[in-house]
Amino acid sequence: MSIDHAHWANYLMSAVDERRDVQAITKQVDELSLDDAYAIQAALLELQLSRGDTLAGAKLGLTSVAKQEQMGVSEPVYGWVPASTVLDESGEVSLGELIHPRCEPEIVFILGDDLAGPGVTAADALDATEKIVGGIEVIDSRFEKFSFTLPDVIADNTSAARVAIGTDGIAPGEADLTTLGCVFEVDGEITGTATGAALLGDPAACLAMLANHLGKHGQKLEKGWLVMAGAATDARPLGAGTIATARYSHLGTVTVKGKA
Ligand code: OOG
Ligand code: MG
């Protein structure tokens, strides 16, 4: 049975628009291949762009053992970051616009050059990087109970919802990204700690993987884009009044606040 990509993109877009969770796609179709899942993701992005959004960057997800274990999915995934999802400096997240948001710390690359696979190495990825900043991603699976299989989460643009980007950055080479530390704190309680090496051994290797993945589809990462490497700790619920802070070595502190 062939998969109607536009249908499932509309299904997910309605879930976003109506702020309600929906049944996983794999509960409704016999088989959803990864190619079909990325095709649904592409159709969903087209819908967002057709409404006047633009692309601010791209993301990886499920690049750490902490996240893979939390979500029960053991392979990295790739998605898009629409410009409308980048939070302003207040870090305030309007919860009325979301379904069941969670927050997680992210190392974020800002690109100074285009980057296109195949054959991109971690060193090439750093060469194309202008700076590295800290961030917090707000993820919001459109699926019931925040539960999904690998193809579901890919179709759902890897749960992308909002992102806060720090202002203090470093140039590549100014710090070793594998030992770069993060302390993630939610309402004053430390919920996770990690170093960059938690991300597939090296955050720059994650960026390279994404460039190589896009290269296979004739796509590239673009100068000026932000790229999230994936969370190194598990994600925590973001409710009304929740204050989440990621404190990084070298990259300063980033905070988001849930607003009813
Ligand atoms: C999928 C998105 C994963 C990350 O940083 O690992 C992700 C999810 O956990 O809902 O963004
Ligand atoms: Mg993430």
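Provided above is the structure to which this section pertains.
These figures come from a predicted structure and were not determined experimentally.

**As for the pairing of strand 12 (residues 252-259)**
Phase 1 of the analysis: Alternating positions in strand 12 separate cleanly, Gly252, Val254, Val256 and Gly258 being buried on one face and Thr253, Thr255, Lys257 and Lys259 remaining unburied on the opposite face.
Phase 2 of the analysis: In this sheet, strand 12 lies alongside strand 3 (residues 92-94) in parallel orientation, the contact comprising three bridges. Bridged to valine 93 within strand 12 is glycine 258.
Phase 3 of the analysis: Bridge count between strand 11 (residues 243-248) and strand 12: six bridges; the pairing is antiparallel. Residue pairing for strand 12: alanine 246 is matched across the bridge by valine 254.
Phase 4 of the analysis: Where strand 11 folds back onto strand 12 in an antiparallel hairpin, the turn is made up of three residues, including histidine 250, whose phi is positive at roughly 70°.

**Examining the coordination of the magnesium ion (ligand 2)**
For a metal bound by four donors in tetrahedral geometry, the ideal donor-metal-donor angle is 109.5 degrees, whereas six donors in octahedral geometry ideally sit at 90 or 180 degrees.
Phase 1 of the analysis: Those protein atoms acting as donors to the magnesium ion (ligand 2) are Glu104 (OE), Glu106 (OE) and Glu137 (OE), and they sit at 2.0 Å.
Phase 2 of the analysis: Read N to C, the donor residues that coordinate the magnesium ion (ligand 2) are spaced as E-x1-E-x30-E.
Phase 3 of the analysis: A relative accessible area of 3% means that glutamate 104 is categorised as buried.

**Brief notes about the side chain of arginine 142**
Phase 1 of the analysis: Within the secondary structure, arginine 142 sits in the loop between strand 5 (129-139) and helix 5 (150-155).
Phase 2 of the analysis: A polar contact of 2.6 Å, which involves the side chain of arginine 142, links it to the side chain of aspartate 156.
Phase 3 of the analysis: There is a polar contact of 2.9 Å between the side chain of arginine 142 and the backbone oxygen of alanine 160.
Phase 4 of the analysis: For arginine 142, the residues in contact, after removing those within four places along its chain, are Leu12, Ala15, Val16, Arg20, Asp21, Val22, Ile99, Asp156, Ser159, Ala160 and Ala161.

**Some remarks on the nonpolar core**
Phase 1 of the analysis: With 78 residues, the main nonpolar core has Ile25, Leu221 and Val256 as its most contacted residues.
Phase 2 of the analysis: In this structure valine 256 touches Leu87, Gly91, Val93, Cys103, Ile136, Ala164, Leu238, Thr242, Ile243 and Ala244, once residues within four positions along its chain are discounted.
Phase 3 of the analysis: Val81, Val108, Val133 and Leu226 belong to the second-largest nonpolar core, a separate cluster that totals eight residues.

**Section: the site of ligand 1**
Phase 1 of the analysis: Every one of the 17 residues lining ligand 1 counts as a neighbour, but Leu62, Lys67, Glu104, Ser159 and Ala231 are closest to it.
Phase 2 of the analysis: Taking lysine 59, its side chain carries an N or O atom lying 2.9 Å from an oxygen atom of ligand 1.
Phase 3 of the analysis: At 2.8 Å from an oxygen atom of ligand 1 is found a side-chain nitrogen or oxygen belonging to glutamate 104.
Phase 4 of the analysis: A total of 320 Å² of accessible area belongs to ligand 1 in isolation, and the protein chains cover 100% of it.
Phase 5 of the analysis: Mapping ligand 1 onto the cavity grids shows that it belongs to the largest cavity.
Phase 6 of the analysis: Taken together, the elements giving at least two residues each to the shell around ligand 1 come down to strand 1 (55-61), helix 3 (65-71), strand 4 (102-111), strand 5 and strand 9 (226-231).
Phase 7 of the analysis: Looking at the shell around ligand 1, the element that brings in the most residues is strand 1, giving three residues.
Phase 8 of the analysis: Residues of the shell around ligand 1, tallied by class, amount to eight nonpolar, four polar and five charged.

Criteria and thresholds
- Every residue gets a number counted from 1 within its own chain, in the order that chain's sequence is written.
- To label them, take the chains in the order written and letter them from A, then take the ligands in the order written and number them from 1.
- Totals for whole chains, interfaces and linings use all residues, but because this is a predicted model, local features are given only for residues with pLDDT of at least 70 and pairs of side-chain atoms are given and counted only at 80 or more.
- Hydrogens and waters are ignored; side-chain quantities use all the structure's heavy atoms.
- Only protein chains enter the accessibility calculation, which uses a 1.4 Å probe; a residue whose area is less than 20% of its type maximum is buried, one above 50% is exposed, and one in between is partly exposed.
- Going along the chain from the N terminus, every DSSP run of H or I of four or more residues is numbered as a helix, and every run of E of two or more is numbered as a strand.
- Being paired, for any two strands, means DSSP has found at least two bridges between them.
- The rule for donors is simple: an N, O or S atom within 2.8 Å of the metal counts, and for Na, K and Ca the reach is 3.2 Å. Water is not among the atoms, so a site may look short of donors.
- Residues adjacent in sequence count toward polar contacts only when both atoms are side-chain atoms; beyond that, a polar contact is any pair of N or O atoms within 3.5 Å, and within protein one must be able to donate a hydrogen and the other to accept it.
- Contact between two residues is taken to exist if any of their heavy atoms lie within 4.5 Å; hydrogens are not considered.
- Joining through side-chain atoms within 4.5 Å is the link that ties buried Ala, Val, Leu, Ile, Met, Phe, Trp, Tyr and Cys residues into a set, and such a set is a nonpolar core.
- For each residue, the test is whether any non-hydrogen atom lies within 4 Å of the molecule or strand; if one does, the residue is near.
- Only the protein chains shown count as cover for residues, and the accessible areas themselves come from Shrake-Rupley with a 1.4 Å probe.
- Think of a 1 Å grid over the protein atoms and nothing else: a 1.4 Å probe that fits but is trapped marks a cavity, an open set flanked by protein within 12 Å on at least five of seven lines marks a pocket, and residues with an atom within 4 Å of a point count as lining.
- Cavities and pockets are treated as containing a molecule whenever more than half of the molecule's atoms lie within 2 Å of their grid points.
- Gly is put with the polar residues, along with every residue not named as nonpolar or charged; the nonpolar set is Ala, Val, Leu, Ile, Met, Phe, Trp, Tyr, Cys and Pro, and the charged set is Asp, Glu, Lys and Arg.

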